[in-house]
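Coordinates in review
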Amino acid sequence: MNEKALRVLEYPKIIERLTQFAGSEPGKKLCRELIPSCDALQIRRMQTETTDALSRIFQKGSVSFSGVRDMRASLKRLEIGSIMNIPELLNVCRLLETCSRVKAYSRRENDELPDDSLDEMFRELQPLTPLSGEIRRCILSEDEIADDASPTLRQIRRSMSQTNDRIRTQLNSMVNGSARTYLQDAVVTQRNGRYCLPVKAEYRGQVPGMIHDQSSTGSTLFVEPMAVVKLNNDLRELELKEEKEIEVILANLSGYVAADSEALVSDIELLTELDFIFARALLSKSYNGFEPDFNEEGRIDIKKGRHPLLNPKQVVPVDIRLGGDFDLLVISGPNTGGKTVSLKTVGLFTLMGQAGLHIPAREHSELALFTEVFADIGDEQSIEQSLSTFSSHMTNIVSFWEQADEKSLVLFDELGAGTDPTEGAALAISILSNLHRRSIRTIATTHYSELKVFALSTPGVENACCEFDVETLRPTYRLLIGVPGKSNAFAISTKLGLPDYIIEEARGHISQEEESFEDVIADLENSRAVIEQEQEEIRRYKQEIEALKGRLEKKEARLDDSREKILAQAREEAHTLLREAKEYADETIRKYNKLGSGKDSSREMEQERNKLREKMSGLEKDMALKQKQKPKKEVSAKELRVGDSVRVLSMNLKGTVSTLPDAKGKLFVQMGILRSQVSITDLEKLDEEVITAPTLKRTGSGKIKMSKSASVSTEINLLGKTVDEALSELDKYLDDAYLAHLPSVRIVHGKGTGALRKAVHNYLRRQKHVESYRLGEFGEGDAGVTIATFRK
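The notes below deal with the structure included here. (Residues numbered from 1 in each chain as written. Predicted model: local features only at pLDDT ≥ 70, side-chain atom pairs only at ≥ 80, totals over all residues. Heavy atoms only, no water.)

On to helix H4 (residues 40-60). The end-to-end C-alpha distance of H4 is 30 Å, a good match for the 30 Å that 21 residues give at a rise of 1.5 Å each. Buried within H4 are the following residues: Ala40, Ile43, Met46, Gln47, Glu49, Thr50, Asp52, Ala53, Leu54, Arg56 and Ile57. Check the buried side of H4 and you find it contacts helix H6 (86-106), helix H7 (119-124), helix H11 (261-286), strand S7 (293-295) and helix H12 (339-354). Near the N-terminus of H4, the side chain that reaches the backbone nitrogen of Leu41, with its oxygen 3.0 Å away, is that of Asp39. Positive phi appears at Gly61, one or two residues downstream of H4, with a value of about 85°. (Helix = DSSP H or I, 4+ residues; strand = E, 2+ residues; numbered from the N terminus. Expected span 1.5 Å × (residues − 1). Buried < 20%, exposed > 50% of the residue type's maximum accessible area, 1.4 Å probe, protein only. Contact = heavy atoms within 4.5 Å. Polar contact = N/O pair within 3.5 Å; in protein donor to acceptor, adjacent residues only side chain to side chain.)

This next bit is on the packing of aromatic side chains. Enumeration over the complete set of coordinates arrives at 5 aromatic pairs. Taking 5.9 Å as the distance between ring centres and 45° as the angle between the ring planes, the aromatic pair formed by Phe65 and Phe278 counts as tilted. Taken together, the residues Phe65 in the loop between H4 and helix H5 (72-78) and Phe278 in helix H11 connect sequence positions 213 residues apart. We classify Phe65 as buried; its relative accessible area is 2%. Look at Phe278 and you get buried, because its relative accessible area is 3%. Here Tyr105 and Phe278 contribute two aromatic rings whose centre-to-centre distance is 5.9 Å and whose plane-to-plane angle is 70°, an arrangement assigned as edge-to-face. Highlighted residues: Tyr105 in helix H6 and Phe278 in helix H11, separated in sequence by 173 residues. This pair shows no difference in class: Tyr105 is buried, exactly as Phe278 is. (Phe/Tyr/Trp six-rings, centres within 6.5 Å; stacked < 30°, edge-to-face > 60°.)

Evaluated as defined, the whole model comprises 31 salt bridges. Between Asp148 and Arg154 there is a salt bridge whose closest N-O contact spans 3.3 Å. In this structure, Glu297 and Arg299 form a salt bridge, with 3.7 Å as the shortest nitrogen-oxygen distance. By relative accessible area, Arg299 is classed as partly exposed at 29%. (Salt bridge = Lys/Arg side-chain N within 4 Å of Asp/Glu carboxyl O.)

Helix-helix packing is characterised by the crossing angle of the two axes and by the distance between the axes. The interhelical angle for the contact between H4 and H11, taken along N-to-C directions, is 70°, at an axis separation of 8 Å. When the axes of H4 and H11 are compared, the pair comes out roughly perpendicular. Here Met46, Glu49, Thr50, Ala53, Leu54, Arg56, Ile57 and Phe58 of H4 come into contact with H11, specifically with Glu273, Phe276, Ile277, Phe278, Arg280, Ala281, Leu282, Ser284 and Lys285. (Axes fitted to C-alpha atoms, helices over the stretch in contact; angles between N-to-C directions. Parallel < 35°, antiparallel > 145°, perpendicular 65-115°, else oblique.)

Quick look at the nonpolar core now. Ranked by size, the top nonpolar core spans 49 residues in total, and within it Leu18 and Leu34 carry the most contacts. With 6 residues, the single largest contributor to this core is H12. Other than its neighbours up to four places away in sequence, Leu18 contacts Cys31, Leu34, Phe276, Ala279, Arg280, Leu283 and Leu357. Counting 46 residues, the second-largest nonpolar core is a separate cluster that includes Ile57, Phe65, Leu89 and Tyr105. (Core = buried A, V, L, I, M, F, W, Y, C linked by side-chain atoms within 4.5 Å.)

Attention shifts here to the pairing of strand S13 (residues 408-412). Put simply, side chains in a regular strand alternate between the two faces of the sheet. Most of S13 sits out of view: 5 of its 5 residues are buried. Residues Ser408, Val410 and Phe412 point to one face of S13 and Leu409 and Leu411 to the other, with burial holding for every one of them. In the sheet, strand S12 (residues 372-376) pairs with S13 via 5 bridges, with the strands oriented parallel. Within the sheet, the bridge partner assigned to Phe374 lies in S13 and is Val410. Looking at chain direction, S13 and strand S14 (residues 441-446) are connected through 4 bridges and run parallel. (Pairing = 2+ DSSP bridges.)

The next subject is the sheet that holds strand S24 (residues 715-717). The strand order across the open sheet formed by 4 strands is S24-S25-S27-S26, and the pairing between neighbours is mixed. In this open sheet, the two strands that pair with only one neighbour each are S24 and strand S26 (770-775). On average, adjacent strands in this sheet sit at an angle of 20° to one another, irrespective of strand direction. Judged from the 5 bridges that link them, S26 and strand S27 (residues 785-790) form a sheet pairing that is antiparallel. Each residue of the ladder has a partner; that of Tyr773, found in S27, is Ala788.

Here we take up the environment of Asn295. Examined against the element boundaries, Asn295 turns out to sit in strand S7. Considering only alpha carbons, one finds Asn295 and Ala368, 73 residues apart in sequence, at a separation of 5.0 Å. Excluding its chain neighbours within four sequence positions, the residues that come into contact with Asn295 are Glu366, Leu367, Ala368 and Leu369. At a separation of 3.3 Å, a polar atom in the side chain of Asn295 contacts the main-chain amide nitrogen of Gly298. Side chain to side chain, Asn295 and Glu366 meet in a polar contact 3.4 Å long.

Put into structure tokens, the structure is as follows:
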């Protein structure tokens with residue numbers, strides 16, 4: 001990719017952001033060196049790696065690569081017998097600890113999941129735990145080797161400690177004894193690594209020893225008393241032995257590192273690459289990016305794309321297509337409307353995608369694989385080079401004119417601007433026509449009406465515009481493909497207060513054809529706005545229908561459950577009756593066999609038969625009461641209408657009248673999914689109506705309205721439900737009742753422990769559309785019922 005395109009499309013700013021997400025210096029170096037690729041296999045591999053890393057971040061969080069250092073030069077020196085110093089060995093240790101941490105991060109909870117593109121790299125990592133543990137054991141910090149690094153070092157340091165104690169004891173005895181009057185201060189100090197006493201200059205002969213230093217004024221001499229000279233010599237010898245032993249320890253550790261140098265080089269390269277991959281994933285996460293789908297047919301389809309360098313809370317997503325029905329897109333519209341941002345978005349997305357980076361757009365957005373991107377954006381006029389605005393644009397176009405081919409993407413911002421409008425428009429049409437004939441994917445922004453006409457009249461060329469709200473004098477930044485833009489200069493000037501006579505005079509300078517063309521554009525824009533508004537209304541209506549459909553399906557499911565419960569209860573009762581009948585029959589047979597024949601036995605048998613008859617009669621009466629209940633009010637055929645809500649007494653189910661009664665009083669009732677023929681005498685009419693689906697009506701103006709014939713019951717039964725279930729059902733019921741303009745409703749919650757009643761009252765207290773509520777009075781259900789009244 002050419003450097004100019006990378007710069008004008010602000011690709012370096014994306015790289016700068018990417019670099020901030022890398023945790024190691026080698027990883028940052030790879031980020032800074034990232035450039036778009038033209039190799040399809042490499043692009044898809046990098047995109048897959050970014051996607052897999054992002055998936056791991058969402059599942060387990062990110063992992064730190066801060067311990068990675070590029071120590072390949074230090075490892076190379078080990079081949080010629082060099083020894084690593086303490087900081088280098090600690091860097092090796094930190095590298096291996098990072099390797100171990102990353103290796104642990106890579107482990108999955110479910111081993112049966114298929115490998116992703118990163119698993120192979122994770123498997124090749126070698127933490128070399130024994131080596132890192134040995135380095136940590138021997139080296140405590142960059143300034144300190146552990147006493148236990150070797151037995152010899154431990155012995156040397158023990159001897160040094162003992163010698164130090166003897167020197168201090170000897171000198172402290174002099175400080176606190178006879179030499180006290182000769183000393184400037186009663187302290188023990190060091191000069192050139194040897195213990196000394198600060199002796200006054202006039203008493204230099206009173207303290208025999210070696211003079212190592214004197215104060216700046218000359219009044220104090222730092223004397224090493226002869227009594228500790230040998231001890232200081234011994235201490236110095238021990239320090240030299242310590243240095244040699246530390247060199248031996250570092251040499252041994254360097255040998256261990258040299259033995260594993262190949263594994264360490266591999267770890268450095270793998271961790272650097274993983275740091276680079278996870279930096280790309282973190283960048284994607286920062287702007288909610290997705291992997292684009294690449295094609296080699298020159299097709300671009302960006303869905304809800306957001307420029308990554310703009311404020312994510314303010315940027316307006318744009319939909320941009322190119323390379324399908326058309327390969328040349330002409331974007332027009334007022335200044336600051338978003339034309340250049342849309343242009344840069346396409347170019348920058350192409351560069352980012354081919355660099356293996358995700359793009360901030362919807363999933364399955366498409367990008368084409370281009371070998372080159374050429375961009376003529378911005379004003380690069382130069383006084384030193386005698387370049388005007390127009391000249392700078394032409395110089396740039398000439399520089400890539402011969403290089404551009406069908407595998408290139410060309411972007412023009414204000415093509416033909418900076419010169420005579422007539423000549424500029426003609427030149428722009430000629431340039432675009434030539435590129436169109438060469439099948440080069442091109443996007444150009446313009447203010448010229450001639451280019452809009454060119455796009456309208458040329459196959460394979462499409463208009464687009466950036467929407468502008470004339471009422472607020474602000475752009476909406478939405479890109480509308482298929483509609484040419486309008487400059488809105490007259491409308492904006494009028495809104496800003498320019499006198500009407502100036503506007504009218506200006507209109508007189510525009511030809512009839514140009515004015516008609518602008519009017520056509522305005523009509524298209526108005527039509528588009530009306531269509532979008534109607535589509536939005538249709539979408540809302542569809543959502544409401546879906547919600548209503550869901551409610552009806554839930555209601556049918558509840559009716560099915562009730563039906564199953566009723567049938568199960570009936571089967572249980574029938575089974576109980578059969579069992580009791582069998583037990584009576586068995587008992588009767590036993591008694592018959594026991595009593596035998598004779599007058600007394602006949603009398604007793606007759607008594608048993610009478611008892612059995614009474615028992616069976618009682619059961620029959622109970623069954624009759626259960627199977628048939630008297631309706632509260634007789635229903636006549638004249639009162640019934642199709643759609644009336646009724647209760648089928650024999651089944652104890654609510655339903656809707658489907659047909660009117662025939663001559664025998666038979667009619668069909670729909671009870672959920674069950675449709676049954678019943679007698680009119682088995683019905684009880686209910687006051688509630690069944691919810692019907694909303695109907696759509698189209699008005700004469702083309703707008704869609706919805707009329708809702710819906711009514712709800714004045715009572716809701718919450719018996720047998722938990723508090724959460726009851727409140728959820730009550731919430732939906734109160735909304736429906738309020739919208740149906742019911743003055744009040746009856747809420748049946750039962751007495752019980754009072755928990756459900758308390759929860760219902762607390763809920764009602766918080767509802768703004770509930771004016772008041774009270775417990776039921778005698779005849780209304782007492783404390784088991786609450787009456788709620790709505791606000792008018």
